[in-house]
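These are the residues of each chain, in order.
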Amino acid sequence: MEPVAIVPDSEHKGLVASLPPTLRDLALLARFDRPIGWWLLFWPCAWGVFLAGGTARWGIVLWMLLGAIAMRGAGCVYNDIVDADLDARVARTASRPIASGAISKKEAWVWLFALCGVGLIVLLQLRWEAQLVALGSLGLVAAYPFMKRITGWPQAWLGLVFTWGAPVGWIEVTGFDRLAPLAALYAGCWAWCMAYDTIYALQDRKDDAMVGIGSSALSFGRHVRAGVIGLYAMALACWAGAVWLVRPDPVALLALVPVGLHFAWQVLTLETADGLSALARFRSNRFAGALMAAACFVIGAVPQA
């Protein structure tokens, strides 16, 4: 008898592994065992708050962290409901609760609405302008699972969805004033997300090609490393523009150097044919997000002239 393949989606570790079976399956469905997703969703929220000058707004930052955990979970549940047929045909995702039959779609919908209830509580903590912006993401979120079926670049859509916290955080602090720095910040966030999710998609290239779904890792082909380099370069250029618009001082740009060095480490050490290498570089973006948050905090904490 051949051993069961262990892939990231079948690893049950920590507190989640100790839960009763049904609760464990619900936690796995929301990816509570893999916090990297909600860190990646949260960091742009913090960047928007800090760069806009809200460096004392720790209360709202913590609310946004809770919202990121809940809404990332809700997004995963929704994605798995839509993708159950595809997940069952891909080795890495076949063990997911809906694809494997451990959780029914009816149960998944109930869990989805419960998580959205937490998100609603967080939404009510925001000023009305930020609430409107946050609600504007719902259409993007709803469409995302279908993008891989109709385009070879679903990561481009994910970049719009998964970094929406940047405008929410910025507008929570400033309202609809000073939108030019926000536009540059959000453009950089889009490129960052597309880059790291391209790295993530390297794990599934063979399965995605077999199933017939799109992926930027496939679309870039043998130029995938160059594509990731270009996207990270775009992210840094856009963030430099945002920093300059907030604080036109060459010294302020030095705050982005640690982020740039981390991106360089990722692309120089990435083994594009090695799924474990891709997964490790993808997960390292939690640290990249922390470096960017520190940069935004330092810049945003300096009083405006």
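Residues numbered from 1 in each chain as written. Predicted model: local features only at pLDDT ≥ 70, side-chain atom pairs only at ≥ 80, totals over all residues. Heavy atoms only, no water.

*Asks:* Before we go on, may I ask you to explain the overall build of the chain in this structure?
*Replies:* In terms of helices and strands, the chain carries 19 helices and 0 strands. Since a compact globule built from 305 residues should have a radius of gyration of about 19 Å, the 19 Å found for the chain is in line with a globular shape. Principal-axis analysis of the C-alpha atoms places the extent of the chain at approximately 70 × 45 × 35 Å. The burial tally for the chain puts 52% of its 305 residues in the buried class. Here the analysis covers contacts within the chain between residues at least 6 apart in sequence; of these, 75% occur between residues at least 24 apart. (Helix = DSSP H or I, 4+ residues; strand = E, 2+ residues; numbered from the N terminus. Rg over C-alpha atoms; globule rule 2.2 N^0.38 Å. Buried < 20%, exposed > 50% of the residue type's maximum accessible area, 1.4 Å probe, protein only. Contact = heavy atoms within 4.5 Å.)

*Asks:* Explain the environment of E271 to me, please; I cannot follow it from the model alone.
*Replies:* Its location among the elements puts E271 in the loop between α17 (257–269) and α18 (275–283). In the structure, E271 is positioned 192 residues away from N79 in sequence and 28 Å away in space, judged by C-alpha atoms.

*Asks:* Please clarify how the side chain of E172 should be interpreted in this entry.
*Replies:* Its place among the elements puts E172 in helix α11 (residues 165–174). Leave out the neighbours within four places in its chain, and E172 touches R57, I60, M64, L126, R127 and A130.

*Asks:* What's the story with the packing of aromatic side chains in this structure? I'm lost.
*Replies:* Aromatic ring pairs are reported here in terms of the distance separating the ring centres and the angle at which the planes meet. Under the criterion given, the structure shown has 21 aromatic pairs. With centroids separated by 5.2 Å and ring planes inclined at 90 degrees, the aromatic side chains of F50 and F297 adopt a geometry described as edge-to-face. Here F50 is found in helix α3 (residues 36–51), whereas its partner F297 is found in helix α19 (residues 285–301), with 247 residues between them in sequence. Under the relative-accessibility criterion, F50 is labelled buried at 4%. Site record: aromatic cluster; members linked through ring pairs are W47, W192, Y196, Y200, Y232, W239, F263 and F282. The ring centre of Y144 lies 5.4 Å from the NZ or CZ of K148, which sits over that ring. (Phe/Tyr/Trp six-rings, centres within 6.5 Å; stacked < 30°, edge-to-face > 60°. Lys NZ or Arg CZ within 6 Å of the ring centre and 35° of its normal.)

*Asks:* Help me out: how do you make sense of the nonpolar core in this one?
*Replies:* Side chains that are nonpolar tend, in soluble globular proteins, to be buried together. Formed by 74 residues in total, the largest nonpolar core has its most connected members in W47, L185, W192, Y232 and W239. Here the element with the most residues in this core is helix α12 (residues 179–201); it accounts for 14 residues. Apart from residues lying up to four places away in sequence, L185 is in contact with W47, G48, L51, A166, W239, A242 and M292. Core analysis: the next-biggest nonpolar cluster, separate from the first, contains 15 residues, L26, Y78, I81 and L115 among them. (Core = buried A, V, L, I, M, F, W, Y, C linked by side-chain atoms within 4.5 Å.)

*Asks:* What am I meant to see in the pattern of salt bridges here?
*Replies:* Any two side chains of opposite charge can pair, on the condition that their charged atoms come close. What the rule picks out here adds up to 7 salt bridges. Of the charged contacts, one joins D83 and K148 as a salt bridge, the two residues approaching to 2.8 Å between their closest N and O atoms. Of this pair, D83 sits in the loop between α4 (58–82) and α5 (84–87) while K148 sits in helix α9 (residues 138–150), placing them 65 residues apart in sequence. Classification of D83 by relative accessible area gives buried; the value is 2%. (Salt bridge = Lys/Arg side-chain N within 4 Å of Asp/Glu carboxyl O.)

*Asks:* Looking at this structure, I do not really get the environment of W58. What am I missing?
*Replies:* Along the polypeptide, W58 turns up in helix α4. Classification of W58 as partly exposed rests on a relative accessible area of 45%. As for W58 and A46, which are separated by 12 residues in sequence, their C-alpha atoms are 9.4 Å apart. Ignoring anything within four residues of it in the chain, the contact list for W58 reads F50 and F297.

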